[in-house]
Protein chains: 2
Amino acid sequence: MNIKCAILGLLSWKPSTGYDLKKIFEESSIMYWSGNNNQIYKTLIQLHNDGLVDSEVQHQESSPSKKIYSITEKGLIELRQWVLSTPEAPEFKKTFLIQLAWADTLGKEELDSLLSKYEEEIKIQLILQQEKRKRGTHVPNRTPRETYIWDMIFENIISSCQNELDWVGKMRRELKEKVL
Amino acid sequence: MNIKCAILGLLSWKPSTGYDLKKIFEESSIMYWSGNNNQIYKTLIQLHNDGLVDSEVQHQESSPSKKIYSITEKGLIELRQWVLSTPEAPEFKKTFLIQLAWADTLGKEELDSLLSKYEEEIKIQLILQQEKRKRGTHVPNRTPRETYIWDMIFENIISSCQNELDWVGKMRRELKEKVL
DNA sequence: CAAACCATGTAAGCTGTTACATGATTTC
DNA sequence: GAAATCATGTAACAGCTTACATGGTTTG
């Protein structure tokens, strides 16, 4: 999986400029790339060289000119092929768990404070994701099934946050109850 | 967060060679680095230059000589400081969700097959993690609280898998029931 | 006798990030 | 008049991966 596929997907939804894509990446919950120029503009050129996208320059008065990219037939075939490919297991990068692994040197209050900070961090994430779901910008609604799929994508992210929150809550409670 | 902290943590547990660390990284559930030579040996040299670790060469007959690294006082202070630093929110890189985002072009069977493949992938992950927990190699047990902490670390990973599994299960069920 | 293990290291390359560069227009 | 938005691109660097290089020992 790489950013090429994500861009092809977005372009299959609607033609866009590099700048449009950048904003979508910045906002997106699932497309985890930062949306930096270097990657997006270079990838678009590459996709163009491979014949997977077309580009049309639109000159504008009183605005810089745009390059509007759209997906080609070949691009649609490539996208479909990728969508059908064997899924990868999710990657969890929880640096907090590594931090926690060596946290036995901390005092009782220090440890609880660390856990509470993590809890706060997740709570912020959760609210952010719930807001994104409500706003629902950059969500295609071409068929009822597509709407359902995107709803489940948001549910996945939110339930991951909720799961993490439950876990911290349990740990804080147990550390208070137990005599360790 | 970077690999330096993880290595300091491991060395605070016990002195090790680069090769030892490599194996721990390869096996570890939470320390997500691949454990490649380039990164480990270079980081050890860097930590040594910074005075955070000591190294002692042990010549062996009928075996290549080892460099046994151990953490210094300065290293312990650095580690403690890092453990107390503000935690980062977890990063979820679920490429499957991006794949799913453009999966409405698939037929009913194709979509269910895709979901079932993902389900299988997670099931394998879950079993793997449960086995790692049982084996419990590379787990320090210096105090009851440390044992509890490491137990909660494994619980975190396993509950993440379980949560993902529940989500796929629900989606497959709903797609069968609903008329979309 | 091949494969795997022990043990250290290097080279080349890919991915992704931050920051820089330009320049017009709109909003506060 | 400063800051943000629109719009495209480049340069330098950090992080991480695969593969290469060496060479002895143990296991199947």
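Our structure's up above, just so we're on the same page.
In this report, we go over the structure that sits alongside the text. (Residues numbered from 1 in each chain as written. Chains lettered and ligands numbered in written order. Predicted model: local features only at pLDDT ≥ 70, side-chain atom pairs only at ≥ 80, totals over all residues. Heavy atoms only, no water.)

## Description of the protein's contact with DNA strand D
Line of reasoning, step 1. Taken together, the neighbourhood of DNA strand D is formed by 19 residues, with Asn37, Asn38, Lys66 and Lys67 of chain A together with Gln39 of chain B sitting nearest.
Line of reasoning, step 2. Put simply, 52% of the atoms of DNA strand D that lie within 4 Å of the protein are in sugar or phosphate.
Line of reasoning, step 3. Note that a base nitrogen of DNA strand D is positioned 2.5 Å from one of the side-chain N or O atoms of asparagine 38 of chain A.
Line of reasoning, step 4. One nitrogen or oxygen atom from the side chain of glutamine 39 of chain B is found 2.6 Å from a phosphate oxygen belonging to DNA strand D.
Line of reasoning, step 5. Looking at the surface near DNA strand D, the elements with two or more residues in it are helix H2 (18–27), helix H3 (37–49) and strand E2 (66–71) of chain A together with helix H3 (37–49) of chain B. (Near = heavy atom within 4 Å. Polar contact = N/O pair within 3.5 Å; in protein donor to acceptor, adjacent residues only side chain to side chain. Helix = DSSP H or I, 4+ residues; strand = E, 2+ residues; numbered from the N terminus.)

## Topic: helix H6 (residues 108–135) of chain B
One turn of the α-helix equals 3.6 residues, which is why residues spaced by three or four share an orientation.
Line of reasoning, step 1. Taking 1.5 Å per residue as the helical rise, H6 of chain B with its 28 residues ought to reach 40 Å, and the 41 Å between its terminal C-alpha atoms agrees with that figure.
Line of reasoning, step 2. Glycine 136 of chain B lies just past H6 of chain B and shows a positive phi near 60 degrees. (Expected span 1.5 Å × (residues − 1).)

## Here's the deal with the relation of the copies chain A and chain B
Line of reasoning, step 1. Here chain A sits on chain B after a turn of 180 degrees about the axis and a move of 0.0 Å along it, with an RMSD of 0.0 Å. The transformation relating the two chain copies, once decomposed into turn and shift, fits a two-fold axis. Considering only C-alpha atoms, the part of chain A nearest the rotation axis is phenylalanine 92 of chain A, at 2.6 Å. (Least-squares fit on C-alpha atoms with pLDDT ≥ 70 in both.)

## Some remarks on the protein's contact with DNA strand C
Line of reasoning, step 1. In the vicinity of DNA strand C, 18 residues are found, and the nearest of them are Asn36 and Gln39 of chain A together with Asn38, Lys66 and Lys67 of chain B.
Line of reasoning, step 2. Within 4 Å of the protein, the contacting atoms of DNA strand C are 53% sugar and phosphate, with bases supplying the remainder.
Line of reasoning, step 3. Asparagine 37 of chain B places a side-chain nitrogen or oxygen 2.6 Å from a base oxygen of DNA strand C.
Line of reasoning, step 4. At the level of secondary structure, the elements contributing two or more residues to the surface near DNA strand C comprise H3 of chain A together with helix H2 (18–27), H3 and strand E2 (66–71) of chain B.
Line of reasoning, step 5. Considering each element in turn, the surface near DNA strand C owes the most residues, three residues, to H3 of chain B.
Line of reasoning, step 6. Looking at the surface near DNA strand C residue by residue, the classes come out as five nonpolar, eleven polar and two charged. (Nonpolar A, V, L, I, M, F, W, Y, C, P; charged D, E, K, R; others polar.)

## With respect to the packing of aromatic side chains
Line of reasoning, step 1. Within this structure, the stated rule accounts for nine aromatic pairs over all chains.
Line of reasoning, step 2. Put simply, the rings of Phe25, Tyr32 and Trp33 of chain A touch in pairs and so form one group of aromatic residues.
Line of reasoning, step 3. Its guanidinium or amino end placed over the ring of tryptophan 13 of chain B, lysine 14 of chain B lies 5.1 Å from that ring's centre, counting from NZ or CZ.
Line of reasoning, step 4. Here the guanidinium or amino end of lysine 94 of chain B rests over the ring plane of phenylalanine 92 of chain B, the centre of that ring lying 5.3 Å away. (Phe/Tyr/Trp six-rings, centres within 6.5 Å; stacked < 30°, edge-to-face > 60°. Lys NZ or Arg CZ within 6 Å of the ring centre and 35° of its normal.)

## Considerations on unusual backbone geometry
All names here are of chain A.
Line of reasoning, step 1. The residue histidine 138 is not glycine, and still its phi comes out positive at about 60 degrees.
Line of reasoning, step 2. Residue position: histidine 138 is located in the loop between helix H6 (108–135) and helix H7 (144–177).
Line of reasoning, step 3. Residue classification places histidine 138 among the partly exposed residues on the basis of a relative accessible area of 30%. (Buried < 20%, exposed > 50% of the residue type's maximum accessible area, 1.4 Å probe, protein only.)

## Observations regarding H6 of chain A
Line of reasoning, step 1. Every buried residue belonging to H6 of chain A is among Leu111, Leu114, Leu115, Tyr118, Glu119, Ile122, Leu126, Gln129 and Lys132 of chain A, and all of these are buried.
Line of reasoning, step 2. Contacts from the buried residues of H6 of chain A go to H2, helix H5 (95–101) and H7 of chain A together with helix H4 (73–84) and helix H7 (144–177) of chain B. (Contact = heavy atoms within 4.5 Å.)

## Quick notes on the pattern of salt bridges
Should the charged atoms of two oppositely charged side chains come close, the side chains can pair.
Line of reasoning, step 1. Overall, the coordinates contain 26 salt bridges over all chains when judged by the stated rule.
Line of reasoning, step 2. Between arginine 135 of chain A and glutamate 27 of chain A there is a salt bridge; the shortest N-O distance is 3.1 Å. Separated by 108 residues along the polypeptide, arginine 135 of chain A in helix H6 and glutamate 27 of chain A in helix H2 bring together distant segments of the chain.
Line of reasoning, step 3. On the accessibility criterion, arginine 135 of chain A (46% relative accessible area) is partly exposed.
Line of reasoning, step 4. Measuring nitrogen to oxygen at the nearest pair gives 3.8 Å for the salt bridge that ties lysine 123 of chain B to glutamate 120 of chain B. With lysine 123 of chain B and glutamate 120 of chain B both in helix H6, this residue pair falls three residues apart, about one helical turn.
Line of reasoning, step 5. Classification of lysine 123 of chain B by relative accessible area gives partly exposed; the value is 35%.
Line of reasoning, step 6. Residue glutamate 120 of chain B is classed as partly exposed on the basis of its relative accessible area, which comes to 42%.
Line of reasoning, step 7. Salt bridges sharing common partners tie together Asp112, Glu119, Arg172 and Lys176 of chain B. (Salt bridge = Lys/Arg side-chain N within 4 Å of Asp/Glu carboxyl O.)

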